[in-house]
Amino acid sequence: RSEDQGDEPGWARAREEAEAALRELREVVRPLREPGYGEALRRKAERARKRRLRLQRRKHEARAAKEEEEARAAEREAKIDQWRAKCIQEGEEKNREQELKAAADSVLSEVRKKQADTKRMMDVLRGLEKLRKLRKEAAARKGVCPPPSADEAFENQVESLQTLLKTRTELYEAEERALRVMLEGEQEEERKREMEKKQKKERERLLQQKLEMDSKLFGDPAEFPLAHLLQPFRDYYLQAEHSVAALIQIRHEWDQYLVPSDHPEGSCIPPGWVLPSLPTNDTWATAVR
């Protein structure tokens with residue numbers, strides 16, 4: 001009994017703490033018992049869910065935008081690399097052509113130099129012939145005549161040299177003609193390549209112009225694909241390319257207009273204006289007026 005009385009203050013404190021905890025728990029639970037608390041909690045949870053979905057959507061859109069930007073950047077880099085490779089290739093081709101032309105010009109210059117040397121040697125031979133003739137005439141006036149063997153040896157030597165120089169001249173002329181043909185061929189190829197480049201640029205310009213015109217008439221191809229919109233028209237106008245029966249039918253329809261005016265199965269193309277027929281009812285007549 002004495003022990004129970006000694007523990008009464010402890011029990012009192014424990015009871016007070018329990019009652020305080022119970023009151024606190026009741027305060028916490030009290031809003032749950034209110035009529036609109038469940039609906040408010042549901043709305044709060046719905047707002048949190050929508051906010052979470054919105055954040056996820058924004059994150060997804062940001063990631064998609066980043067991927068799209070990376071794809072565009074990669075496409076730009078690819079186009080730049082392609083353009084750079086094209087420029088390098090064109091530069092290399094131009095350098096090869098210049099080197100080839102320079103080599104051909106050098107060879108042609110060498111051939112012309114050889115031709116000039118050959119011509120100079122021919123002139124020297126003719127000069128020697130004139131000089132010998134003058135000296136022979138001067139010796140004859142003094143009563144000195146060389147033996148016929150000397151004249152024959154000189155003529156044989158000159159004739160041999162002239163034959164050799166003539167052969168070289170013909171050889172150099174053939175080399176010059178071959179080089180000129182090669183240079184003309186290279187120039188023709190260069191002109192052909194330039195023409196092809198101009199034609200390609202013109203085709204690209206016309207294609208771009210057509211795409212712009214189609215875009216203005218039919219909308220953006222990315223939004224409204226022209227192939228899808230114009231496919232029925234293509235099928236109609238190109239049906240003769242895929243069907244013999246359609247080809248025969250179209251030719252028959254056209255041939256109806258390639259007959260004389262008195263043909264029973266068709267009529268010819270009118271030579272002048274085709275006037276409209278008169279209105280067949282009052283409503284049509286009011287529209288015409």
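This is a predicted model, so every value here is computed, not measured.

Tallying each qualifying case throughout the model produces one aromatic pair. Aromatic pair Tyr236 and Tyr237: ring centres 5.1 Å apart, planes at 80 degrees, arrangement edge-to-face. A relative accessible area of 64% means that Tyr237 is categorised as exposed.

This part takes up the UniProt feature "coiled-coil region" (unreviewed entry) in the protein. Annotation from UniProt places "coiled-coil region" (unreviewed entry) at residues 184–212. A distance of 41 Å separates the end C-alpha atoms of residues 184–212, which is 100% helix and 0% strand.

Right, let's talk about the pattern of salt bridges for a bit. Two side chains with opposite charge may pair up if their charged atoms get near one another. Throughout the structure, instances matching the rule amount to eleven salt bridges. Here Arg72 makes a salt bridge to Glu68, at a shortest N to O gap of 2.9 Å. Taken together, the residues Arg72 and Glu68, both in helix H3 (residues 37–141) and four residues apart, mark about one turn of the helix. Residue Arg72 is classed as partly exposed on the basis of its relative accessible area, which comes to 35%. A cluster of three or more residues bridged by salt bridges with shared partners is formed by Glu68, Glu69, Arg72 and Arg76.

Inspection of the secondary structure assignment puts Thr118 in helix H3. Those residues within four positions of Thr118 in sequence are excluded, and the remaining contacts are Leu165, Arg168, Thr169 and Tyr172.

On the surface, a cluster of negative charge is made up of Glu129, Glu152, Glu155 and Glu159. Looking at the negative patch element by element, the count peaks at three residues for helix H4 (residues 148–218).

With that out of the way, let us pick up a nonpolar patch on the surface. Residues Phe233, Tyr236, Tyr237 and Leu238 make up a contiguous nonpolar surface patch of roughly 500 Å² in combined accessible area. Take Leu238: it is sitting in the loop between helix H5 (226–237) and helix H6 (244–255).

Quick look at a positive patch on the surface now. A contiguous patch of positive charge, built from Lys86, Lys94, Lys197, Lys200, Lys201 and Arg203, is present on the exposed surface. Counting only elements with at least two residues in the positive patch, the list comes to H3 and H4. Of note, Lys86 is situated in helix H3.

Another point: H6. Taking 1.5 Å of rise per residue, twelve residues should cover 16 Å, and H6 covers 16 Å from first to last C-alpha, within 8% of that figure. Where H6 starts, the residue carrying a side-chain oxygen 3.5 Å from the main-chain nitrogen of Ala245 turns out to be Ser243.

Analysis parameters
- Residues numbered from 1 in each chain as written.
- Predicted model: local features only at pLDDT ≥ 70, side-chain atom pairs only at ≥ 80, totals over all residues.
- Heavy atoms only, no water.
- Phe/Tyr/Trp six-rings, centres within 6.5 Å; stacked < 30°, edge-to-face > 60°.
- Buried < 20%, exposed > 50% of the residue type's maximum accessible area, 1.4 Å probe, protein only.
- UniProt positions renumbered as here; feature names shortened; annotations may be inferred.
- Helix = DSSP H or I, 4+ residues; strand = E, 2+ residues; numbered from the N terminus.
- Salt bridge = Lys/Arg side-chain N within 4 Å of Asp/Glu carboxyl O.
- Contact = heavy atoms within 4.5 Å.
- Patch = residues over 30% accessible without salt bridge, like charges linked within 9 Å, V, L, I, M, F, W, Y side chains within 5 Å.
- Areas by Shrake-Rupley, 256 points an atom, 1.4 Å probe, with all protein chains shown as cover.
- Lys, Arg positive; Asp, Glu negative; His and termini not counted.
- Charge placed at Lys NZ, Arg CZ, Asp CG, Glu CD.
- Expected span 1.5 Å × (residues − 1).
- Polar contact = N/O pair within 3.5 Å; in protein donor to acceptor, adjacent residues only side chain to side chain.

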